[in-house]
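Single-letter residue listing:
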Amino acid sequence: MPRDSERTGEASRLWRQCVALAGVLAEEGVGTVELIDAAGASRSMRARAADLPDALWSSRAGSTLRVETLGLRVDRGADGLRVSSDGSDAATRVRNAVDAVPG
């Protein structure tokens with residue numbers, strides 16, 4: 001979770017994107033996600049059991065979250081999250097939720 005000093009600007013937007021992403025994945029019933037760090041190490045997490053916002057927040061720019069069941073990929077950039085997908089309705093809802101976070 002961001003420190004109080006990080007709750008403004010881009011850092012704050014990134015945190016809100018992480019929370020929005022976790023919420024919409026829960027709404028879509030996603031069970032498992034894969035987090036691949038910038039060095040290429042991969043770990044599978046149960047989306048509802050893991051603290052997904054914190055895992056994304058603490059990952060470095062260049063990390064990727066894959067959600068195979070929805071056909072989407074979330075890239076963690078220095079300035080926020082970028083969602084790419086296969087265009088399914090569920091993946092579009094996820095992308096829209098993340099993109100709607102004001103910055």
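Details of the structure are given in the entry above.
Residues numbered from 1 in each chain as written. Predicted model: local features only at pLDDT ≥ 70, side-chain atom pairs only at ≥ 80, totals over all residues. Heavy atoms only, no water.

**What to know about the pattern of salt bridges**
(1) Moving on: Summed over all chains, the structure comprises 3 salt bridges.
(2) Moving on: Linking Asp75 and Arg73 is a salt bridge whose minimum nitrogen-to-oxygen distance equals 2.9 Å.
(3) Moving on: Exposure remark for Asp75: the relative accessible area of 21% places this residue in the partly exposed category.
(4) Moving on: By relative accessible area, which is 35% here, Arg73 ends up partly exposed.
(5) Moving on: As a salt-bridge pair, Asp79 and Arg82 come within 2.8 Å of each other at their nearest N and O atoms.
(6) Moving on: A relative accessible area of 46% means that Arg82 is categorised as partly exposed. (Salt bridge = Lys/Arg side-chain N within 4 Å of Asp/Glu carboxyl O. Buried < 20%, exposed > 50% of the residue type's maximum accessible area, 1.4 Å probe, protein only.)

**A word on the nonpolar core**
(1) Moving on: Core analysis: the biggest nonpolar cluster contains 27 residues, and Leu21, Leu25, Val33 and Leu65 have the highest contact counts within it.
(2) Moving on: In terms of residue count, helix H1 (residues 9-27) provides more of this core than any other element does, 7 residues in total.
(3) Moving on: When near neighbours in sequence (up to four residues on either side) are disregarded, Val33 contacts Leu25, Arg43, Ser44, Met45, Ala47, Leu52, Leu65, Arg66 and Val67. (Core = buried A, V, L, I, M, F, W, Y, C linked by side-chain atoms within 4.5 Å. Helix = DSSP H or I, 4+ residues; strand = E, 2+ residues; numbered from the N terminus. Contact = heavy atoms within 4.5 Å.)

**With respect to the sheet that holds strand E2 (residues 42-46)**
(1) Moving on: With respect to topology, 5 strands assemble into an open sheet ordered E2-E1-E3-E4-E5, the strand pairing being antiparallel. The open sheet has two free edges, formed respectively by E2 and strand E5 (80-85), since each of these has just one partner strand. Taken over all neighbouring pairs, the strand axes of this sheet differ in orientation by 20° on average, direction set aside.
(2) Moving on: Across 3 bridges, the pairing between strand E1 (residues 32-36) and strand E3 (residues 64-67) is antiparallel. Within the sheet, the bridge partner assigned to Ile36 lies in E3 and is Thr64.
(3) Moving on: Of the strands in this sheet, strand E4 (72-77) and E5 are in contact with helix H3 (residues 89-99), which crosses E5 at around 160°. (Pairing = 2+ DSSP bridges. Axes fitted to C-alpha atoms, helices over the stretch in contact; angles between N-to-C directions.)

From the geometry alone we can't say anything about function, so treat these as descriptive.
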